[in-house]
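Architecture and fold: a report
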2 protein chains.
Amino acid sequence: MTVKLLVTDDHAIVRRGLQALLEAQGGWHVCALADNGRAAVNLATEHRPDVAILDYSLPGLNGLEATRQMRLASPGTEVLIYTMHNNEDVIRDVLRAGARGYLLKTEDDAEVVRAVQALLRKQPYFSPQVAETLLDTFLSGGKVVASQTLSSREREVIQLVAEGKSNRDIADRWQVSVKTVESHRTAAMRKLNLHSGVELALYAVRNKLIEP
Amino acid sequence: MTVKLLVTDDHAIVRRGLQALLEAQGGWHVCALADNGRAAVNLATEHRPDVAILDYSLPGLNGLEATRQMRLASPGTEVLIYTMHNNEDVIRDVLRAGARGYLLKTEDDAEVVRAVQALLRKQPYFSPQVAETLLDTFLSGGKVVASQTLSSREREVIQLVAEGKSNRDIADRWQVSVKTVESHRTAAMRKLNLHSGVELALYAVRNKLIEP
DNA sequence: TCGCGGACTAGGGAAATCCCGACCCTCTCC
DNA sequence: GGAGAGGGTCGGGATTTCCCTAGTCCGCGA
């Protein structure tokens, strides 16, 4: 019985690298490659892979939304998030959305194999650095900072706004009304006591929600 | 005569992907892999590769500094920057530092091969998306020294906007019309090729115009 | 001296934003 | 099961920002 894998990343070289790595394992086969979240969901529905590897930052449909939809469309597929963000809030969001593994791209690539093996055994998997982060949070009693009271949409909108995206850009990406985006943006700003997109961007960089 | 290549990236999977891709080309050999800028310079000095592929965001020594030092330590090595940043300033900086190729990770991976081929022929190479960016800059008058040609009012307005001040705040502080402030702001944004207050704020933090 | 370019000052109109309220859905708690 | 809280989705309307044009002033080189 061969293991079927779906690989999703917007960088072609990462797809190629993952494919080479995974197919070097006996009995593993990459049945589909996707460069965006929408295609990943469609391909998962079609091929029913055992494990789907998803980047978090994806064009069109991000890793969070893709995870949600994939869990619905193909419940037998375990989702492994493979990303560069070691951010507690992001981790919580995707795990709640149904992902069972979370792996950082800075880890050794042997971790990818370990992660897929764990998910095939129906066990959750976290890369060492992520485990550290989760442990810190656990030990510190899960402190409720302002950013933790933000909803997923609110956190996402902050990141996108702080990347320079306009409300219209985000609305197109999410396939919702500009008004909806504005609502999330406004709600986030109210919670954080911010009063303009500029302040929002500064908040994001100061709190490491985006890279400097 | 085999071609010697150096691959540098902080993500193991990207290194693996590049290695698999490049060694599939006849006569090409990846003689060294590095996960940071310092190691890349040392390995280039030792192995004298024909082409070095460098990420821009690297721990320790970033792609810019690594390029400079590598050009000094191994002048025969052509440097190809392989990164996710389609940013005009970054492109200009690394090209001035001696890089001869600039390729985005979002491009098809066949572009990597084309880029290396070009550099082996001692020709510069830019990926399609980067060429677009450079062309836009060229057509818009090549305002490459924009940051130096900002007037004092323009620099001031950038700092104030990036501190979260609104145009009205600044107008009150300066005792001029809001329209005047907007003009300076717009002029600064035009020179810097920015298109919103958020982008202006990000520019300011990235260029250390304000404290983190 | 005269034109020229750049800085500083504005206005008009279009576009994007911000704030308020509304509706529906889900989840929790009593 | 009903009430309430919170999230996601939009519309209306005021406000702010964005872009283009334009007038004035000043320094500088032909």
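Just so it is clear, the structure is predicted and the values come from calculations on it, not from any experiment.

About the cut-offs
Residues numbered from 1 in each chain as written. Chains lettered and ligands numbered in written order. Predicted model: local features only at pLDDT ≥ 70, side-chain atom pairs only at ≥ 80, totals over all residues. Heavy atoms only, no water. UniProt positions renumbered as here; feature names shortened; annotations may be inferred. Helix = DSSP H or I, 4+ residues; strand = E, 2+ residues; numbered from the N terminus. Contact = heavy atoms within 4.5 Å. Buried area = accessible area lost by both parts, 1.4 Å probe. Salt bridge = Lys/Arg side-chain N within 4 Å of Asp/Glu carboxyl O. Polar contact = N/O pair within 3.5 Å; in protein donor to acceptor, adjacent residues only side chain to side chain. Buried < 20%, exposed > 50% of the residue type's maximum accessible area, 1.4 Å probe, protein only.

A word on the UniProt feature "modified residue: 4-aspartylphosphate" (unreviewed entry) in chain A. Residues and elements named next belong to chain A. The residues that UniProt annotates with the feature "modified residue: 4-aspartylphosphate" (unreviewed entry) are Asp55. Residue placement: Asp55 occurs in the loop between β3 (51–54) and α3 (63–73). Setting aside anything within four residues of it in sequence, one finds Asp55 in contact with Thr8, Asp9, Asp10, Gly63, Tyr82, Thr83 and Lys105.

Taken together, the contacts link 32 residues of chain B with 31 residues of chain A. Summed over both sides, the interface of chain B with chain A buries roughly 2,400 Å², with 66% coming from carbon and sulfur. Run the count over chain B and chain A and you get 2 salt bridges. The closest approach of N and O atoms between A:Arg16 and B:Asp109, which form a salt bridge, is 2.8 Å. Summed over the shared surface of chain B and chain A, the number is 3 residue pairs in polar contact (both at pLDDT 80 or more). Elements represented by at least two residues in the side of chain B that touches chain A include exactly α1 (12–23), α8 (152–162) and α11 (197–206) of chain B. Here the element with the most residues in the side of chain B that touches chain A is α1(B); it accounts for 8 residues.

Moving on, we get to unusual backbone geometry. Residues other than glycine predominantly adopt negative phi, and peptide bonds predominantly adopt the trans conformation. Residues and elements named next belong to chain B. Its identity as a non-glycine residue notwithstanding, Gln175 has a phi of 60°, on the positive side. Locating Gln175 in the fold gives a position in the loop between α9 (167–174) and α10 (178–192). Judged by relative accessible area, Gln175 falls into the exposed class, the value being 69%. Phi at Asn193 takes a positive value of approximately 60°, unusual for a residue other than glycine. Inspection of the secondary structure assignment puts Asn193 in the loop between α10 and α11.

All names here are of chain B. Inspection of the secondary structure assignment puts Ala188 in helix α10. Assessed through its relative accessible area of 0%, Ala188 is described here as buried. Taking C-alpha positions, Ala188 is 8.4 Å from Ser151, a pair spaced 37 residues apart along the chain. Discounting residues that sit within four places of it in the chain, Ala188 has contacts with Leu150, Glu154 and Ile158.

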